[in-house]
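Inside the fold
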Amino acid sequence: MVEESTYAEAVTLTEPESLPVERVSQYSVVSKAMEHHTLMNRFDSMKRNMTEAGLEFGGRVLLIGPPGTDFEAFSHHLCREVPLKMVRFKLGEILNESKRGSELLRVGFEFSRMNSPVVMLVERVDTIAPSNSDQAAILLDEVTRTNWDEEEVLVVGTTTQPSKIDAELLSAFDRTYIIEGASLEDRVRIIEQILKSREDIDPTVVAELTDGWSFASMKRLAISLFMSETSEAGQIPREQIEEIIEKSGVIPLGNPRYLASVIRRTVGTTQPPLDALNAEYPDDFLDQLYLMAVGEDYAGTQRVIEVLNDGMPLSKEDREFLAKHPYLLSGNPEDRLTRLLRAKKSSDRLQRIMGR
């Protein structure tokens, strides 16, 4: 039997009545929780038939979304509505190299089974159980043998990098909900909720000006707007709202496009507005620029495009290359690869014609 002190090291437990009634949540995530709640109710009504047929509901959920997603809104909604207790790992303890992370994972799941019905929230699965690690094997074993049918433990895992998780562990979850980012409705709702007393700011205008922003960044922006001076002259014009956002100091750095823009500015190159890139670089002109970059350094061009498309941090060398070729930011990942391959074919053809 594991000592109580070990439980305290591994997890925290929150009773449903202790969770806040009012919470600023990402609506698209709450919608997924509502869908899952409906499934749970359906299982309750069919449990006997499913058991007789040898079928398992499981209830294990994996949430996948970009950085800044309000994953916790899923568990919070279920804990308040079902209701359920919430158990979550202390990431600092699990990741502490001086402690046995694998043992604490087992302890956490044992604690959940002892205190059911609960939501067992496993945050950042890719970090606490990376591919081919001992902790990945332990987590796979615990997730596989823990379910809602018998233990009344609803396992909810979250990740922003599913590619770093073992395929077997990914397949252990019964359902996967994909959150593609903060939708327009998400952005409108959070502005409405936080700025409900501000009639001078149109939530729809703010939402339209923040396409590509994560929920976390939107929440910070909404707080910044909440703290700003109220306009006495009525509703603030769109152009002024845009200026206020730019001067707020809130930047959605989780979005690789904005991050690349910031990085280039820090090396002394002024970045044109992202929404003006396509107008600044028409298609035909872009093809010529790509051909020029490929002719100069194909390997470097390919490397920078792959880094941008994967949303990974740029090295000093990559930042310098991007400062010389800012047009590589234009378009989506598929566009970049298409132009790169087209430019490589054209460059190879020119090389053959010139006998090189």
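Because the structure is a prediction, the values reported are computed rather than measured.

Time to look at the overall build of the protein. Of the regular secondary structure elements, the protein holds 17 helices and six strands. Summarising its shape, the C-alpha atoms of the protein cover approximately 75 × 65 × 45 Å along the three principal directions. The 356 residues of the protein split such that 42% are buried. By sequence separation, contacts in the protein at least 24 residues apart represent 80% of the contacts at least 6 residues apart. Summed over its atoms, the accessible surface of the protein is roughly 18,800 Å², and 50% of this surface lies on carbon and sulfur atoms. Charge separation in the protein, taken as the distance between the mean sites of 41 positive and 59 negative side-chain charges, equals 4 Å.

Our next topic: the packing of aromatic side chains. For the coordinates displayed, the defined rule picks out five aromatic pairs. Directly above the ring of Y27 sits R189, whose terminal nitrogen or CZ lies 3.6 Å from the centroid. A cation over an aromatic ring shows up here: K344 above the ring of Y298, its NZ or CZ 5.0 Å from the ring centre.

Moving on, we come to the sheet that holds strand β1 (residues 11–14). Backbone-to-backbone hydrogen bonds join strands into a sheet, with any given pair of strands oriented parallel or antiparallel. Taken together, six strands build an open sheet; the order of strands is β1-β3-β4-β5-β2-β6 and the sheet is mixed. With partners counted over all chains shown, the strands left at the sheet margins are β1 and β6 (175–178), one partner each. Pairwise comparison of adjacent strand axes, ignoring direction, gives a mean angle of 20° for this sheet. The pairing of strand β4 (residues 118–122) with strand β5 (residues 153–159) spans five bridges and is parallel. In the sheet register, M120 faces β5, and the bridge partner there is V155. The sheet contacts of helix α2 (residues 27–52) involve β2 (61–64), β5 and β6, and relative to β6 the element is tilted by about 160°. Running over the sheet, helix α5 (residues 101–114) touches β1, β3 (85–89), β4 and β5 and is turned about 175° from β3.

Following the criterion strictly, the structure yields 22 salt bridges and no others. Residue E296 pairs with K324 through a salt bridge whose shortest N-O separation is 3.0 Å. With a gap of 28 residues between them, E296 in helix α15 (residues 283–310) and K324 in helix α16 (residues 316–324) connect regions that are remote in the sequence. The exposure class of K324 is exposed, given its relative accessible area of 55%. When salt bridges with common partners are traced through the structure, they connect R106, R113, D141, E142 and R145 into a single cluster.

On to the confidence of the model for the protein, then. Of the residues in the protein, 92% reach a pLDDT of 70 or more, and the chain-wide mean stands at 87. Looking over the protein, one finds the lowest element-wise mean pLDDT in helix α14 (residues 277–280), namely 45, and the highest in β2, namely 98. Across residues 274–281, confidence stays below pLDDT 50; counting only partners more than four residues off in sequence or on other chains, it has 14 contacts.

What counts and what doesn't
Residues numbered from 1 in each chain as written. Predicted model: local features only at pLDDT ≥ 70, side-chain atom pairs only at ≥ 80, totals over all residues. Heavy atoms only, no water. Helix = DSSP H or I, 4+ residues; strand = E, 2+ residues; numbered from the N terminus. Buried < 20%, exposed > 50% of the residue type's maximum accessible area, 1.4 Å probe, protein only. Contact = heavy atoms within 4.5 Å. Areas by Shrake-Rupley, 256 points an atom, 1.4 Å probe, with all protein chains shown as cover. Lys, Arg positive; Asp, Glu negative; His and termini not counted. Charge placed at Lys NZ, Arg CZ, Asp CG, Glu CD. Phe/Tyr/Trp six-rings, centres within 6.5 Å; stacked < 30°, edge-to-face > 60°. Lys NZ or Arg CZ within 6 Å of the ring centre and 35° of its normal. Pairing = 2+ DSSP bridges. Axes fitted to C-alpha atoms, helices over the stretch in contact; angles between N-to-C directions. Salt bridge = Lys/Arg side-chain N within 4 Å of Asp/Glu carboxyl O. pLDDT = per-residue confidence, 0-100.

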